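The primary structure of each chain is shown beneath.
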Amino acid sequence: MLFKVDNTVKTLSSDRFCLKWLSLGLLCFLLHSPLALTKEFQRAVNLEFESIQGATGYEVKIQRVLASGKKKPPITFQLKKPIWEASVNYGKYELSLRTFDDRGVPGDWSESMEFVVAPLPPQLIAPQPHQKIKTAQENSYQVPFQWQAVPGASSYELIITDTSNNKSKTYLVKKKNHYDADLEVAKTYEWKVISLLSEGLKSDSDSFTQTFQLIGKPLQTPDVDEPSSKFPQKITWNKPKHADSYTYALYYKTNSGKWKQIKSQRHIKEPQIPFNLAHPTGEYQIKVRAEGQGRQPSQLASQTFKVQGGLRSPAAIEAAQLKDSLNKPTNFYAIASYFITQMNYSGDRYETGKRSTFQGVGGTGRLGLGYQKSFQQWGAFGIVDLGGINIGEENYTFASAELHGTWQLHLTPFSLLQVSTGLYMKELPELQGNDTAGITGVNKAKNLGPHLGFKYWVPYSYKYGLQLNGRVYYSLLGTAPNGKEVQPSISYQLGVLGSVKLTKKFMGYAGYAYRVDESHYSADSEAAFSNAQPGDINVIQLQGHYLNLILEYSF
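Quantities reported herein were computed from a predicted structural model and do not represent experimental measurements.

Reading the values: the criteria
- Residues numbered from 1 in each chain as written.
- Predicted model: local features only at pLDDT ≥ 70, side-chain atom pairs only at ≥ 80, totals over all residues.
- Heavy atoms only, no water.
- Buried < 20%, exposed > 50% of the residue type's maximum accessible area, 1.4 Å probe, protein only.
- Helix = DSSP H or I, 4+ residues; strand = E, 2+ residues; numbered from the N terminus.
- Pairing = 2+ DSSP bridges.
- Axes fitted to C-alpha atoms, helices over the stretch in contact; angles between N-to-C directions.
- Polar contact = N/O pair within 3.5 Å; in protein donor to acceptor, adjacent residues only side chain to side chain.
- Contact = heavy atoms within 4.5 Å.
- 1 Å grid on protein atoms, 1.4 Å probe; cavity = no way out; pocket = protein on both sides within 12 Å on 5 of 7 lines; lining within 4 Å.
- Points joined across faces, edges and corners; volume = space filled by probe spheres on them.
- Nonpolar A, V, L, I, M, F, W, Y, C, P; charged D, E, K, R; others polar.

Draft legend 1. Layout of the pairing of strand β33 (residues 489–501). Of the two faces of β33, only one is covered, namely that formed by Ser489, Ser491, Gln493, Gly495, Leu497, Ser499 and Lys501; the face formed by Ile490, Tyr492, Leu494, Val496, Gly498 and Val500 stays uncovered. Here strand β30 (residues 464–475) runs beside β33; their pairing, made up of twelve bridges, is antiparallel. In the sheet register, glutamine 467 faces β33, and the bridge partner there is leucine 497. As paired elements, β33 and strand β34 (residues 506–522) share ten bridges and run antiparallel to each other. Bridge pairing in β34 places valine 500 opposite glycine 508.

Draft legend 2. Up close: the pairing of strand β29 (residues 438–459). Note that strand β28 (residues 415–434) and β29 share 19 bridges and pair antiparallel. Looking across to β29, one finds that glutamine 432 is bridged to glycine 441. Count of turn residues in the β28/β29 antiparallel hairpin: three residues. Sheet topology note: the β29/strand β31 (residues 477–479) ladder contains three bridges and is antiparallel. Bridging across to β31, leucine 448 finds its partner in leucine 477.

Draft legend 3. The arrangement of the sheet that holds strand β22 (residues 282–291) in detail. An order of β20-β19-β22-β23 is seen for the four strands of this open sheet, with the pairing classed as antiparallel. The sheet is open, and its two edges are formed by β20 (259–268) and β23 (301–307), each paired on a single side. Averaged over all pairs of adjacent strands, the angle between their axes in this sheet comes to 20°, without regard to strand direction. Judged from the seven bridges that link them, strand β19 (residues 245–253) and β20 form a sheet pairing that is antiparallel. By the bridge assignment for β20, tyrosine 251 is matched with glutamine 261.

Draft legend 4. Highlighting the side chain of asparagine 482. If you trace the backbone, asparagine 482 turns up in the loop between β31 and β32 (486–487). Separated by 3.0 Å, the side chain of asparagine 482 and the backbone nitrogen of lysine 484 make a polar contact. Beyond its immediate stretch of four places on either side in the chain, asparagine 482 contacts Arg349, Glu351, Tyr521, Ser522, Ala523, Asp524 and Asn538.

Draft legend 5. Representation of the sheet that holds strand β15 (residues 178–184). If you walk across this open sheet you meet the three strands as β10-β12-β15, and the pairing is antiparallel. Among the strands making up the open sheet, the edge pair consists of β10 (124–126) and β15. For this sheet, the mean inter-axis angle between neighbouring strands, taken without regard to orientation, is 35°. With two bridges connecting them, β10 and strand β12 (residues 140–147) associate as antiparallel partners. Opposite alanine 126, over in β12, you have glutamine 146 as the bridge partner.

Draft legend 6. Main features of empty space enclosed by the protein. Scanning all chains against the criterion turns up three cavities of 30 Å³ or more. By volume, the largest cavity amounts to about 730 Å³. For the largest cavity, the lining is made up of 43 residues, of which Gln418, Lys455, Gln467, Tyr509 and Glu552 are closest to its centre. A breakdown of the residues in the lining of the largest cavity according to their chemical character gives 17 nonpolar, 16 polar and ten charged. Size it by volume and the second largest cavity reaches roughly 70 Å³. Considering the residues around the second largest cavity, the lining is formed by Met343, Thr364, Asp385, Leu386, Gly387, Phe398, Ala399, Ser400, Lys426, Arg515, Asp517 and Tyr546. Of all the elements in the fold, those that place two or more residues in the lining of the second largest cavity are β26 (378–391), β27 (394–412) and β34. When its residues are assigned to classes, the lining of the second largest cavity shows five nonpolar, three polar and four charged.

See below:
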């Protein structure tokens, strides 16, 4: 005969007849009782089979098979109709049946067949179906699972499956109907629970599953880069960790002062958007939100910037950028620079009749502050610096300061000449001795006077350019190491610099400079043991080929 249990078809045979079973449905219910092997440990079995022509009755025999393999005495049921309904305790059973003819004579028993009445599958409580659990965690989160307790169950198998790779993990939970599992966020999971009895019986393995999604903490708010010029051809921002798309909106400030949205887009993949410089000149604002699969979106980031628009061709954009690159973005600016070289020192001191020469590593640090309003010719600038030369294990320093008045002129639409003049003060060390004998004496000379110089700058693009510069210092006043008069002298510097616009407010320069610093003063012919003659002029000279590094910041 055909016998169907839990969707598995098996065959029973008999020498005298063949019965075909149409269905065996297992209906689950719970009755609340603390006693073992009572109704709360039973499932309803509904058995229906084809009626056999000539049969006047039917008999079903069921025998319990224990975990040890022993069998309990069989129980039989007399049926008038080919339907049997009963409540059966959880466990393994053997079943067979036979019919009675019109004489009341029974036929042979069919071959026995094993079947299992499994425990009830638990009802799942939490997480709820399709629930989205928002967390404040970036990597993992402890999810509380709960299900309805199954009477008679000694333990449970909690099975959690990552739907992205179909990998499952099973947790054995004893006696409790809840468990906290540490799971990776930004994932979707399926979960189910199988109840187990002490006899080793399990509830249906295809028990009902539920899905839920574990949402990670909000992404970090992106930082939108301020455009480096008034001619931005793209707007960029950084990529926060775990971000894989972005939603943005672009606004334009109207004449009434209100922001008008001109463009928006959702779920773009790159942390940047192109900007069309054909848009009108004015003030713009972009708002950006970062998004990540299975994670809460970031807060909105915004950046406001000004644009010189109305440019409809690449040639027009390039010309406007070159012209604008010659102007500082703000009125005030500051510089920090450093010169470094192998410095040559020489000094002629007629009182001793000796010439001093040294070679050492030298450098000068410089700080400056200036004012230059865009599209105006006049400006001002001041600097202070501290130089030094290392000889042996000693470092000999000397300071200077300069005040500049500046005047600039566009010789062509794409070049800038700046001329400056003012007053300066410069110290120079007077070192006596040489590299062989070492330092035998140290003094300082101080010079004051006017200076004059130029800078000529040609940009090759908005970002890169080339600058030629030169300056002459004329000493008129000062103090000499021997107390005599300072004589006129000329110091000068020539250089060439490459420039690069690092950001909208930062400009970097690097290049070569040749410097000669001199101080002249009258020798003292009347000093004791002096070898000087009237009219002799002592000379201090520092000369070097410098690596010149400058950083300029507009504010």
